[in-house]
Amino acid sequence: MKGKDGRSGIKVFVIGLILIGLVLGYFFYLSVRKGKDTDEETQVGVVQEVLMRNLDKNYPPSPREILKYFGELTQCLYGEEYTEEEFSQLAMKVQELYDEELIANKTQEQYAEDLRWDIAQFKNQNTIVSSYSLPSSTDVEFFTQDGYSWARLYVGFTLRTGTHLNFANEIFLLRRDDNGHWKIYGWQPEDQTE
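Note that the coordinates shown come from a computational prediction; the quantities given were computed from them, not determined experimentally.

(A) Examining the pairing of strand β4 (residues 164-176) more closely. Sheet topology note: the strand β3 (residues 148-161)/β4 ladder contains twelve bridges and is antiparallel. Paired with Thr-158 across the strands is Phe-167, a residue of β4. Count of turn residues in the β3/β4 antiparallel hairpin: two residues, of which Gly-162 carries a positive phi of about 65°. By the bridge criterion, seven bridges tie β4 to strand β5 (residues 182-189) in an arrangement that is antiparallel. Considered in β5, the bridge of Phe-172 is made with Trp-187. Linking β4 back to β5 in an antiparallel pair, the connection comprises five residues, with Gly-180 at a positive phi of about 85°.

So, in structure tokens, the structure goes:
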């Protein structure tokens, strides 16, 4: 009888080691798998990240946030590499931020053609939009005119050509639409104001 108890003790010990090995192997598998998931997430480019925003469900709530997203789109269009399909998607995202009257000034084809031309001019000069700066929320000028709510903001864009930096300050005018969303009505360089 003593021999059987020794053998059963060894069997229990071996089975226990096997179970511990399986549990440790499973945890190792999960940690390696999680690391791969993280690596895949970091491969999402800047353009794809900007395009992932669903404006139907998550429209920017303030004029400042509108121009923050507009700045991100502008940096992608004028400073990142993208496919033709991504260009079309970026252009459509920009137009989702525009007021109906601004969109009505051009057909979709004219808008895309003009945008391509403008981007080509930047690329020919090796210029990119490297950053933008927004005013604080207290520096947004709100007013009412012609039955509409308006907002005026000053936005600075940094343009980089090689190691040389230029700065372009723009004045944006936004109008609140019937859904309560702020839309870009237009803009002009700061030095062209009256």
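(B) Focus on the confidence of the model for the protein. Averaged over all residues, the pLDDT of the protein equals 87, while 90% of them reach at least 70. At the level of individual helices and strands, the protein shows its lowest average pLDDT in helix α1 (residues 2-42), which scores 68, and its highest in strand β2 (residues 141-145), which scores 96.

(C) Here's a closer look at the packing of aromatic side chains. The full count for this structure, using the stated rule, is twelve aromatic pairs. Residues Phe-70 and Trp-187 carry aromatic rings whose centres are separated by 5.7 Å and whose planes lie at 55° to one another, so their mutual orientation is tilted. In this pair, Phe-70 sits in helix α3 (residues 63-79) while Trp-187 sits in strand β5, placing the two residues 117 residues apart along the sequence. Phe-70 gets classed as buried once you look at its relative accessible area, which sits at 7%.

(D) Broad picture of unusual backbone geometry. In this structure, Asn-126 takes a positive phi of about 55° despite not being glycine. Secondary-structure assignment places Asn-126 in the loop between α6 (108-124) and β1 (127-133). In this model, Asp-146 sits at a positive phi of 55°, which is unusual for a non-glycine residue. Looking at where Asp-146 falls in the secondary structure, it is placed in the loop between β2 and β3.

(E) Highlighting the nonpolar core. Ranked by internal contacts, the top residues of the largest apolar core, which has 35 residues, are Phe-70, Leu-97, Leu-174 and Ile-184. If you list the elements that add at least two residues to this core, you get α2 (46-51), α3, α4 (84-96), α6, β3, β4 and β5. Ranked by residues supplied to this core, first place goes to α3 with eight residues. When near neighbours in sequence (up to four residues on either side) are disregarded, Leu-97 contacts Leu-55, Tyr-59, Ile-66, Tyr-69, Phe-70, Leu-73, Lys-183 and Ile-184.

(F) Up close: the pattern of salt bridges. This structure, assessed with the given rule, holds five salt bridges. With a shortest N-O distance of 2.1 Å, Arg-116 and Glu-84 are connected by a salt bridge. With a gap of 32 residues between them, Arg-116 in helix α6 and Glu-84 in helix α4 connect regions that are remote in the sequence. Look at Arg-116 and you get partly exposed, because its relative accessible area is 36%. Across the salt bridge formed by Asp-114 and Lys-106, the nearest N and O atoms sit 2.6 Å from each other. On the basis of relative accessibility, which here comes to 38%, the residue Lys-106 falls in the partly exposed class. Via salt bridges that share partners, Asp-99, Glu-101 and Arg-175 belong to a single interconnected network.

(G) Focus on the environment of Ala-151. Of note, Ala-151 is situated in strand β3. A relative accessible area of 0% means that Ala-151 is categorised as buried. Counting along the chain gives 25 residues from Ala-151 to Arg-176, while the straight-line C-alpha distance between them is 8.3 Å.

(H) Broad picture of α4. For α4, which comprises 13 residues, the first-to-last C-alpha distance of 19 Å matches the rise-based estimate of 18 Å (1.5 Å per residue) to within 8%. Where α4 is concerned, the buried positions are Glu-86, Phe-87, Leu-90, Ala-91, Lys-93, Val-94 and Gln-95. Along its buried surface, α4 packs onto α2, α3, α5 (100-103) and α6.

Conventions we followed
Residues numbered from 1 in each chain as written. Predicted model: local features only at pLDDT ≥ 70, side-chain atom pairs only at ≥ 80, totals over all residues. Heavy atoms only, no water. Pairing = 2+ DSSP bridges. Helix = DSSP H or I, 4+ residues; strand = E, 2+ residues; numbered from the N terminus. pLDDT = per-residue confidence, 0-100. Phe/Tyr/Trp six-rings, centres within 6.5 Å; stacked < 30°, edge-to-face > 60°. Buried < 20%, exposed > 50% of the residue type's maximum accessible area, 1.4 Å probe, protein only. Core = buried A, V, L, I, M, F, W, Y, C linked by side-chain atoms within 4.5 Å. Contact = heavy atoms within 4.5 Å. Salt bridge = Lys/Arg side-chain N within 4 Å of Asp/Glu carboxyl O. Expected span 1.5 Å × (residues − 1).

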